[in-house]
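# An overview of the molecular structure
Each chain is listed here by its residues.
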Amino acid sequence: MKPKHFSIVMGAIFILTGTLFSQDEKASAEYSYIGTNGCKKCHLKQYRSWEETKMAQAFDLLKPGERAEAKKSAGLDPEKDYTKDSECVPCHTTGYGKPGGFVSLEKTPELVGVGCEMCHGAGSEYTKEQYMHLKNKEYKLEEVVKVGLVSPVTGETCTSLCHNEKSPFFKKDQPFDFSQRKDEGTHEHFSLKYKHE
Ligand code: HEC
Ligand code: HEC
Ligand code: HEC
């Protein structure tokens, strides 16, 4: 190959792999957490009922003195402060260790407990104007799911994230009952008004 042709070919390969890489990066980029208030403004009804659930209060369980008996029987120290313990925080807060996720009670108070994005996925991208937005109420579900929304949340979502053997309170003999937990542990459910197909 003549030197000139060679450099054109190399140039083309360079450009091609360059675009391939940037697409790859985009696909594997993690979306970041925006916090519960970022959902509250458009989903006030879900927010109000979620606030009352155990999920919203899950962080408090890590405080000293909370559920002393349960902690003792699970071999934990009831007087210990587990609120900064990386063995516990991932399932009792939202997005711990991930971009925009929970850091500490002081720095990220909006991400304590099992918040909206723990179940529905980090919202930085899917809440943009071209996706789930008041200007675009008929977004396509498929498109918002591609950019991080988890909907519908299923039993598998719950067991893969938290309700599994990594929890000190996991009971092997009590299988996770999604339909019961959906009523008790998420928020009240309202039918969607718009088309998303
Ligand atoms: C700017 C307004 C807005 C914001 C902010 C917003 N949403 Fe939505 N969301 C909507 C609209 C509009 C719908 C469609 C409602 C309908 O069809 O009745 C929707 C629908 C949904 C659905 C149902 C999805 C489906 O089609 O199955 C979920 C789940 C959801 N939002 C979660 C969230 C979460 C979690 C956040 C915060 C990270 C959030 N939303 C932030 C406007 C918003
Ligand atoms: C893999 C996720 C996960 C991890 C890690 C985890 N938990 Fe939990 N924790 C859960 C789940 C899920 C429940 C609710 C269990 C249920 O009701 O089915 C729970 C419940 C609890 C409860 C209430 C128990 C009761 O019966 O009242 C306490 C207290 C608690 N966790 C403390 C901790 C502490 C302390 C740590 C760290 C040593 C920890 N958790 C680590 C997922 C986790
Ligand atoms: C513990 C998990 C969990 C958390 C936390 C959670 N959701 Fe959901 N969400 C669900 C489940 C489960 C469904 C129903 C899926 C189905 O249709 O079977 C749902 C459905 C929805 C829907 C569809 C309409 C409806 O009312 O069912 C919206 C909108 C929604 N969630 C928004 C939110 C917002 C906003 C928050 C935070 C304030 C939130 N969710 C927190 C699990 C959760």
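Residues numbered from 1 in each chain as written. Chains lettered and ligands numbered in written order. Predicted model: local features only at pLDDT ≥ 70, side-chain atom pairs only at ≥ 80, totals over all residues.

Further remarks concern the environment of leucine 134. The residue leucine 134 is located in the loop between α6 (116–120) and α7 (141–146) in this model. When the C-alpha atoms of leucine 134 and cysteine 42 are compared, they prove to be 8.2 Å apart, with 92 residues separating the residues in sequence. (Helix = DSSP H or I, 4+ residues; strand = E, 2+ residues; numbered from the N terminus.)

Within the structure, ligand 2 sits among 20 residues, and Ala70, Cys88, Cys91, Lys166 and Ser167 are positioned closest to it. Contributions of two or more residues to the shell around ligand 2 are made by α4 (68–73) and α5 (89–92). It is α5 that provides the largest number of residues to the shell around ligand 2, a total of three residues. Each residue belonging to the shell around ligand 2 can be placed in one class, and the counts come to eleven nonpolar, four polar and five charged. (Near = placed C-beta within 6 Å. Nonpolar A, V, L, I, M, F, W, Y, C, P; charged D, E, K, R; others polar.)

Surveying the vicinity of ligand 1 reveals 21 residues, the closest of which are Cys39, Cys42, Gly123, Leu192 and Tyr194. For the shell around ligand 1, the secondary-structure elements that each account for two or more residues are α2 (37–40) and α6. In terms of residues, the shell around ligand 1 owes the most to one element, α6, which gives three residues. Residues that form the shell around ligand 1 fall into these classes: nine nonpolar, eight polar and four charged.

Soluble globular proteins tend to bury their nonpolar side chains together. In terms of nonpolar packing, the biggest core is built from 18 residues, with Tyr33, Met55, Ala58, Phe59, Leu111, Val112 and Val114 touching the most fellow members. At three residues, the largest contribution of residues to this core is made by α6. (Core = buried A, V, L, I, M, F, W, Y, C linked by C-beta atoms within 7 Å. Buried ≥ 20, exposed ≤ 12 C-beta atoms within 10 Å, placed from the backbone.)

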